[in-house]
Structures are given as structure tokens and as C-alpha cells.
Amino acid sequence: MSSSGAAPGRGDEAGKPAMRDALVAAAFRLFLERGFERTTVDDIVALAGVGRRSFFRYFPSKEDVVFPDHERCLADMTAFLAAAPSDADPVRRVCDAARLVMLMYAENPAFSVQRYRLTRQVPGLRQYELSVVWRYERALAEYLRGRFAGLPDGILRADVIAAAVVAAHNNALRSWLRSDGKGDAEAAVDHALGHVRESFGAGPEPAVARGPEDVVVIVSRRGAPLWRVVQELESALGRA
């Protein structure tokens, strides 16, 4: 939930305008060459070959171009939580919501690492990133508050679990980023979130033996949100 890793260059394939991707690519090229502080919006639009109005159509500020997909991911997470069945294990649900965020980071490991390094160098970006992390935590906590409403210490429990999910997710994420994006990011996050489930939920999921011949094919419409694809996959695997 920190150091967003959404990759530019996916264009219309994922419903993102090519101009938006071009702005992100131009911005990061300049950030690497000149530094974040020395790069202006005028520099970015000049390299991208568009006007200032085009930049501000997609990004309210220069900081926002560093984290172009947080709004989309936050919306996906919120929708995923809202679609939870009434009998769903709430702790498992928020852990699965956190996995959606990691899927965004894992789309392009090189870009994620690049972004991580940039945010470590620019204090203003680190503060911006922390404000985004808080929004993710609030989304998780609001869902849990609804599920724990009326229970003793329900609000306290919701806030503690949400904070634990974010801490576990970010611990695994930072370790993966510090390793230059090597290894299995999703497995690392699953391991970290397992501690949350053991502490607050129903415990780790039992291992399921699957032979090498097992193949799961998911057919989903182009542009479907990540949470919907994950939900369909879980259903196919018998986890829903």
C-alpha cells in the first residue's frame, strides 16, 4: 500500500488513455535524469508532446503523476469490500483486499522499484505516500467497523485489524522492493497476512494439494476490476 507500482504503457488495453501513460513515462524519465524537484509540469508536457491542460486533466499535481493508479486501486478495493457476502469472514476479506493492492504493484516490478527509490529520495513524496496509505487503512477499517458494529470494542477491533493488515502488507512489500523486485511478491504478502489471520481471524488456510496438471482458466471482460477477477478465480478454486 506504499510505493505504488502500477506500470505505464498498458494504454487502452486496460482502459487507461495512452496520453496518460505517455505523461507518466515522460515524468519518470525526467525525474531520473533531473530529479523530482528540478522537473516542472512544463518539462513533462513538453517531453510528452501535449499541453498543460492535458496534464491537469489526469493529474491534479506533479506528485499525483508519481502515483497514477492509487485512485483506481482504492476504488477497486472499496468495491471488493462492498461486494463481500454477509457471511464472509471479515478478517479474510480485508486480507484479500490487501492482496489486490499487491497485484497492482506486481504488474511491473521494475517500475515499482523505480518508484520506491524515488519516494525514498524525496521527503515530499514520502509524505504524500503516507497520506495514501492512510486512505487504504481507512477503507479497510470502515468495512470492519460495519461488520463489528454492536460488538464490544467493535470499533477498536476494526481499527487495530486494519492497521495490522496495512503493516503486514507494507512489511512484505518493502522487503520485496528492497530486493529489486525479485522473488514472489504475492507469496511474501500472503505469508505476512497469514500472521494477521492467525491473530485475529480463523487462522491460515489449509494447504491444498494440486497436481501439476491442474489448470484454471478464467474468462473475464476486458477492463474488469482486479477484485472481480480475483473473486472469479477464488470461486473457481473453491475458496469462495
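Numbering of residues begins from 1 in every chain and follows the order in which that chain's sequence is written. This being a predicted model, a pLDDT of at least 70 is required before a residue's local features are given, and a value of 80 or more before pairs of side-chain atoms are given or counted; all residues contribute to the totals for chains, interfaces and linings. Derived side-chain values reflect all non-hydrogen atoms in the structure, with water molecules and hydrogen atoms excluded from consideration.

Here we come to the overall build of the protein. Helix and strand assignments follow DSSP, with helices taken as H or I runs no shorter than four residues and strands as E runs no shorter than two, numbered in order from the N terminus. Check the secondary structure of the protein and you find ten helices and zero strands. Listed by position from the N terminus, the elements making up the protein come as α-α-α-α-α-α-α-α-α-α. Whether two residues are in contact is decided by their heavy atoms, any of which lying within 4.5 Å being enough. Once local pairs closer than 6 in sequence are excluded, the contacts in the protein between residues at least 24 apart make up 71%.

The next thing to look at is the side chain of aspartate 64. Among the structural elements, aspartate 64 can be located in the loop between helix H3 (52–58) and helix H4 (70–82). Note on classification: 1.4 Å probe, protein chains only; a residue is buried when its accessible area is under 20% of the maximum for its type, exposed when over 50%, partly exposed between these limits. For the charge count, each Lys or Arg is scored as positive and each Asp or Glu as negative, with His and the chain ends excluded. Throughout this description, the term salt bridge denotes a Lys or Arg side-chain nitrogen within 4 Å of a carboxyl oxygen of Asp or Glu. No salt bridge forms around the buried aspartate 64; measuring N to O, its nearest opposite-charge neighbour arginine 135 is 7.1 Å away. Excluding residues that lie within four positions of it along the chain, aspartate 64 makes contacts with Phe59 and Tyr128.

What follows covers the packing of aromatic side chains. Centres within 6.5 Å make a pair out of two Phe, Tyr or Trp rings, where for Trp the six-membered ring is used; the pair is then stacked when the planes are under 30 degrees apart, edge-to-face when over 60, and tilted otherwise. Summed over the entire model, instances satisfying the criterion amount to seven aromatic pairs. Here phenylalanine 55 and phenylalanine 56 contribute two aromatic rings whose centre-to-centre distance is 5.2 Å and whose plane-to-plane angle is 80°, an arrangement assigned as edge-to-face. Phenylalanine 56 sits in the partly exposed class, given a relative accessible area of 38%. Taken together, a centroid distance of 5.2 Å and an interplanar angle of 10° make the contact between phenylalanine 67 and tyrosine 128 stacked. Within this pair, whereas phenylalanine 67 is found in the loop between H3 and H4, its partner tyrosine 128 is found in helix H7 (residues 123–147), the two being separated by 61 residues in sequence. Judged by relative accessible area, phenylalanine 67 falls into the buried class, the value being 4%. Judged by relative accessible area, which is 22%, tyrosine 128 ranks as partly exposed. Cluster of aromatic residues (ring-pair linked, three or more members): Phe28, Phe31, Phe36 and Phe111. Just above the ring of phenylalanine 36 sits the side chain of lysine 62; from NZ or CZ to the centre is 4.3 Å. Between arginine 93 and the ring centre of phenylalanine 80, over which it is positioned, the NZ or CZ distance is 3.7 Å. Put simply, a charge is over a ring when the Lys NZ or the Arg CZ is close to the ring centre, within 6 Å, and near the line of the ring normal, within 35 degrees.

On to the pattern of salt bridges, then. Applying the stated rule across the entire model yields 17 salt bridges. Its salt-bridge partner being aspartate 96, residue arginine 92 comes within 3.6 Å of it at the nearest N-O pair. Of this pair, arginine 92 and aspartate 96 both sit in helix H5 (residues 90–105), separated by four residues, roughly a single helical turn. We note a salt bridge from glutamate 129 to arginine 126, for which the minimum N-O separation is 2.3 Å. Linking glutamate 129 with arginine 126, this pair stays in helix H7, spanning three residues, or about one helical turn. Through salt bridges that share partners, Arg20, Asp69, Arg72, Asp76 and Glu107 make up one connected network.

Moving on, we get to unusual backbone geometry. Of note in the backbone geometry, aspartate 153 takes a positive phi value of approximately 55° without being a glycine. Tracing the sequence through the fold places aspartate 153 in the loop between H7 and helix H8 (154–178). Although it is not a glycine, aspartate 180 adopts a positive phi angle of roughly 65°. For aspartate 180, the location among the structural elements is in the loop between H8 and helix H9 (185–200).

Another aspect to go through is the side chain of serine 54. Here serine 54 shows up in helix H3. Residue classification places serine 54 among the buried residues on the basis of a relative accessible area of 11%. Excluding anything up to four places from it in sequence, serine 54 contacts Met19 and Leu23.

Glancing now at the packing of H7 against H8. Orientation is described by axes fitted as lines to C-alpha atoms, over the contacting stretch for helices, and by angles from 0 to 180 degrees between their N-to-C directions. At a minimum axis separation of 8 Å, H7 and H8 run at an interaxial angle of 140°. As judged from the angle between their axes, H7 and H8 are oblique. H8 is crossed by H7, and the crossing has right-handed handedness. Contacts between H7 and H8 involve Val133, Glu137, Arg138, Leu140, Ala141, Leu144 and Arg145 from the former and Ile155, Ala158, Asp159, Ile161, Ala162, Ala163, Val165, Val166 and Asn170 from the latter. Class assignment of the residues belonging to the contact of H7 with H8 gives a composition of eleven nonpolar, one polar and four charged. Oblique is the label for any angle not under 35 degrees, not over 145, and not in the 65 to 115 range, which are roughly parallel, roughly antiparallel and roughly perpendicular in turn. Should the near helix be turned anticlockwise from the far one by less than a right angle, the crossing is termed left-handed; should it be turned clockwise, right-handed. Three categories are distinguished: nonpolar for Ala, Val, Leu, Ile, Met, Phe, Trp, Tyr, Cys and Pro, charged for Asp, Glu, Lys and Arg, and polar for the others, with Gly belonging to the last.

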